[in-house]
Amino acid sequence: MGKHVAILDIGSSKIICLICSTEDDGSFVVRGAGVVGYAGFRYGKILSEKSFKNAIRDAITKAENDASRHVKTIIVGVPSPFSKLIVSKGAVELGGKSISVRDIDRMVVSSFDFEQPAGFEPIHDTPIEFNIDGTLSYDMPLGVPANELSGMVSHLYVDSLFKKLIVDVLSSLRITASEFISVPLAEGRFVVSDDIGSGEALVVDVGSMHTDVVLMRNTAVADMRTLDVGGYNFTSDIAYIFDLPIVEAEKQKRNYVYALDYTDSVVKIKLPEEVIELNLSAISEVIDARTYELADMIEEAIVSMGVRMGEITPIYLTGGGISLMRGCTEFISDYFGVKFIVNMPWMPRLSSPNYASAFALMRFAMSENELGRESTGFWQKIKDFLTN
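Model, not experiment: these values are computed from the prediction. (Residues numbered from 1 in each chain as written. Predicted model: local features only at pLDDT ≥ 70, side-chain atom pairs only at ≥ 80, totals over all residues. Heavy atoms only, no water.)

A. The arrangement of the packing of helix α7 (residues 280–304) against helix α8 (residues 328–336) in detail. Taken N-terminus to C-terminus, the directions of α7 and α8 make an angle of 55 degrees; their axes are 11 Å apart at the nearest point. With respect to α8, the element α7 is oriented oblique. Seen along the crossing, α7 lies across α8 with a hand that is right-handed. Contact residues: Asp-288, Thr-291, Tyr-292, Ala-295, Asp-296, Ile-298 and Glu-299 in α7; Phe-331, Ile-332, Tyr-335 and Phe-336 in α8. Split by residue class, the contact of α7 with α8 holds seven nonpolar, one polar and three charged. (Axes fitted to C-alpha atoms, helices over the stretch in contact; angles between N-to-C directions. Helix = DSSP H or I, 4+ residues; strand = E, 2+ residues; numbered from the N terminus. Parallel < 35°, antiparallel > 145°, perpendicular 65-115°, else oblique. Left-handed = near helix turned anticlockwise from the far one by under 90°. Contact = heavy atoms within 4.5 Å. Nonpolar A, V, L, I, M, F, W, Y, C, P; charged D, E, K, R; others polar.)

B. Region of the structure containing the environment of Gly-327. Inspection of the secondary structure puts Gly-327 in the loop between β18 (315–318) and α8. Overall, the relative accessible area of 27% leaves Gly-327 in the partly exposed class. When the C-alpha positions of Gly-327 and Val-257 are compared, they lie 5.9 Å apart, and in sequence the two are 70 residues distant. (Buried < 20%, exposed > 50% of the residue type's maximum accessible area, 1.4 Å probe, protein only.)

C. Looking closely at the sheet that holds strand β14 (residues 211–217). Judged by pairing direction, the sheet is mixed, and its five strands sit side by side in the order β15-β14-β13-β18-β19 without closing on themselves. Of all the strands in the sheet, just β15 (220–227) and β19 (340–341) have a single pairing partner and so form its edges. As defined by bridge partners, β14 adjoins β15 across seven bridges and the pair is classed as antiparallel. When the bridges of β15 are listed, Met-216 appears paired with Val-221. Contacts from helix α4 (residues 183–191) reach β13 (200–206), β14, β15 and β18 within the one sheet, and its direction differs from that of β14 by about 65 degrees. Docked against the sheet, α7 engages β13, β14 and β15, running at close to 140 degrees with respect to β15. (Pairing = 2+ DSSP bridges.)

D. Region of the structure containing the sheet that holds strand β6 (residues 73–78). Read from one edge to the other, the open sheet built from five strands follows the order β3-β2-β1-β6-β12, with strand pairing classed as mixed. Every interior strand has two partners, whereas the edge strands, β3 (28–37) and β12 (176–182), have only one. Averaged over all pairs of adjacent strands, the angle between their axes in this sheet comes to 20 degrees, without regard to strand direction. Where strand β1 (residues 4–10) and strand β2 (residues 14–22) come together, seven bridges link them in antiparallel fashion. Paired with Ile-7 across the strands is Leu-18, a residue of β2. With respect to the sheet, helix α1 (residues 49–67) is in contact with β1, β2, β3 and β6, its orientation differing from that of β3 by roughly 145 degrees.

E. Spatial organisation of the nonpolar core. Counting residues in each nonpolar core, the largest one holds 46 residues, and the members touching the most others are Ile-238, Leu-244, Tyr-258, Leu-278, Ile-287, Ile-298 and Ile-322. If sequence neighbours within four positions are ignored, Ile-238 has contacts with Asp-243, Leu-244, Ala-249, Lys-253, Ile-283, Val-286 and Ile-287. Core analysis: the second largest hydrophobic core is formed by 35 residues, Phe-190, Val-191, Val-192 and Ala-365 among them. (Core = buried A, V, L, I, M, F, W, Y, C linked by side-chain atoms within 4.5 Å.)

F. Spatial organisation of the state of the cysteines. Evaluated as defined, the whole model comprises zero disulfides. For Cys-17, which is in no disulfide, the shortest distance to another cysteine sulfur is to Cys-20 and amounts to 9.2 Å. Taking relative accessible area as the criterion, Cys-17 reaches 0% and is therefore assigned buried. Cys-20 gets classed as buried once you look at its relative accessible area, which sits at 0%. (Disulfide = S-S within 2.5 Å.)

G. Representation of the pattern of salt bridges in the model. Enumeration according to the criterion identifies 11 salt bridges in this entry. The shortest N-O distance in the salt bridge between Lys-97 and Asp-103 comes to 2.7 Å. For Asp-103, a relative accessible area of 1% translates into the label buried. For Arg-225, the salt bridge identified is with Asp-223, shortest N-O distance 2.5 Å. Shared partners join several salt bridges into a network, and the residues in it are Lys-97, Asp-103 and Arg-106. (Salt bridge = Lys/Arg side-chain N within 4 Å of Asp/Glu carboxyl O.)

See below:
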């Protein structure tokens, strides 16, 4: 059994703490899990710091009790509303010598020709591509002779106030935040199939309060957008229009099946003071309308990235907002005319798309733990090159 690693995944409606360890075959096993709901965040703002802090404490405590061990250090996921992405070009002169690891690092350093974003701190700097004397390559160019090496580099930052809030809560528990990891980066690498190689892919993560649209290129985040609409909007629409409690509205949303004919179908709902009847076709109209609205927003975000729908084959749908609704993936695929893929790698516990970000952080973190720096993407290729 390998070293235990703990992660903290900050979702827009729940907080997840996982404690895992590696097996001899390189896989990891969940030793403890804590999942706690809280008031959440909207538009990049925590709605209730008290609820937020309590949820962090409770999630960690539950995971510790489940794993029968105390957490001393933890790796924290940074959701997109509390992060910033900057993509810039770096270049170095080589004078015909072969490209080394140091030259790639120099290229990354040279890409910092922009003003650092105020109120943010760096967490990831990852090459997206390489240009060797005018020839574009996504492969690691170690050992290739070149006069000039250039390329676009992805820089991800964490909001300083968000980071401080997390650190303060953890400090009160005598826990150290050992690292902050971008959720879009970790999740993109987790759900995107390895068979696309160094190509492009889109990841659409529909959470409770927001939706992330992330463009992955060669295991790096090349672009991303955050939409302030998520699965909770579907629930709140049903609650408001039909005057239902949120809990009952959520139940009706989860029971819904896309493309099913609900004509003349009626459901009886027992409320505290009465029993009411609702026509399911009316609920269907509400859910379909909100789905069309979200789909239009997703398409607008994709187009704003300079991507035309259909030109990128793999588009992955994840998150707990709508991907768990039966028939949703097919409904959206038909609407766009492009197949959306739900690719949640199998896990022995909590194996569903709404836990994808937590497991993505865990795999990313444990891979780094084994190798000392990012084990997927470019630095894995460097490790492979040097050890073969």
